[in-house]
Structures are given as structure tokens and as C-alpha cells.
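# Chain and residue survey
Each chain is listed here by its residues.
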Amino acid sequence: MRTYQRRQLVGHDILLARHGNHISAMRVDRSAGRVVALLDDGSTDSAPNMISPGLRMPDTVRSVLREDWKFLAVLTACGTGLAGAMVAAVVSVAGLVGDDPALAQMLTYAGS
């Protein structure tokens, strides 16, 4: 079962545990998968953003969209095509009914 939670950045916690109030700024280096901290004395330190590379993190809405965007795009296109076909069918039936009053009466007859 998927739980949609915001992913926690463990690199921030590691750096806070190491340096506490001596951190001036922090940034996430997504390409390297690390969090980099600038310390009060001008030096930098970094920590990995994952506890273990094989650890399966909880799914988020963003991660599901990033992984399944092709499937969702095809599903959206199919739904749009089906809606267009239904609209075309209604328009063509309305055009047929407009020409023949007896057919219009037969289609709208609800019975008693």
C-alpha cells in the first residue's frame, strides 16, 4: 500500500547532529545525493541524503508522477479520445433526429 508522505532529508539531521548551531547555511546537492553545510568558520561539511542506497523510501505524489508519467499521459489521451467519440456520436444522432420527427418522438418516448 502506498503512503504519500513528504520524504525526510536525513542529511540535514546528520549535519545538525555534527555541528549544531555552528551551521550558517545548508543546501541540497541533488546530483550527488548529499546535503552540504556552510559552517560559521567558513568551512563546509556534507552528509549523504540517504541512509542506504537500497532503502525503499515511501512514495510521494511527486515520485509517483515522475515514475508513471507515460502511463498517465496515455490514460489521459485515451479518456480524451473516448470523450471526443462520445460527443461526435451525440452530435451525429442529434443530426439524424432533427431530420425525422417520428424518430425524435420514438427516441424521447418514455412509455407509460
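Before going into details, it helps to say that this report is about the structure given with it.

Criteria and cut-off values
- Residues numbered from 1 in each chain as written.
- Predicted model: local features only at pLDDT ≥ 70, side-chain atom pairs only at ≥ 80, totals over all residues.
- Heavy atoms only, no water.
- Pairing = 2+ DSSP bridges.
- Helix = DSSP H or I, 4+ residues; strand = E, 2+ residues; numbered from the N terminus.
- Axes fitted to C-alpha atoms, helices over the stretch in contact; angles between N-to-C directions.
- Contact = heavy atoms within 4.5 Å.

The next subject is the pairing of strand β2 (residues 34-39). Sheet analysis places strand β1 (residues 23-29) next to β2, joined by 6 bridges and oriented antiparallel. From the neighbouring strand, aspartate 29 faces β2, where its bridge partner is arginine 34. Here β1 folds back onto β2 in antiparallel fashion, the turn holding 4 residues, of which glycine 33 has a positive phi close to 70 degrees. In this structure, β2 lies alongside strand β3 (residues 44-48), joined through 5 bridges in antiparallel fashion. Across the sheet, leucine 38 pairs through a bridge with threonine 44, a residue of β3.

Moving on, we come to the sheet that holds β2. What the 3 strands build is an open sheet, ordered β1-β2-β3; its pairing is antiparallel. Because the sheet does not close on itself, it has two edges, and the strands there are β1 and β3. Adjacent strand axes in the sheet meet at a mean angle of 20 degrees, parallel and antiparallel pairs treated alike. Contacting β1, β2 and β3, helix α1 (residues 10-19) runs over the sheet at an angle of about 135 degrees to β3.

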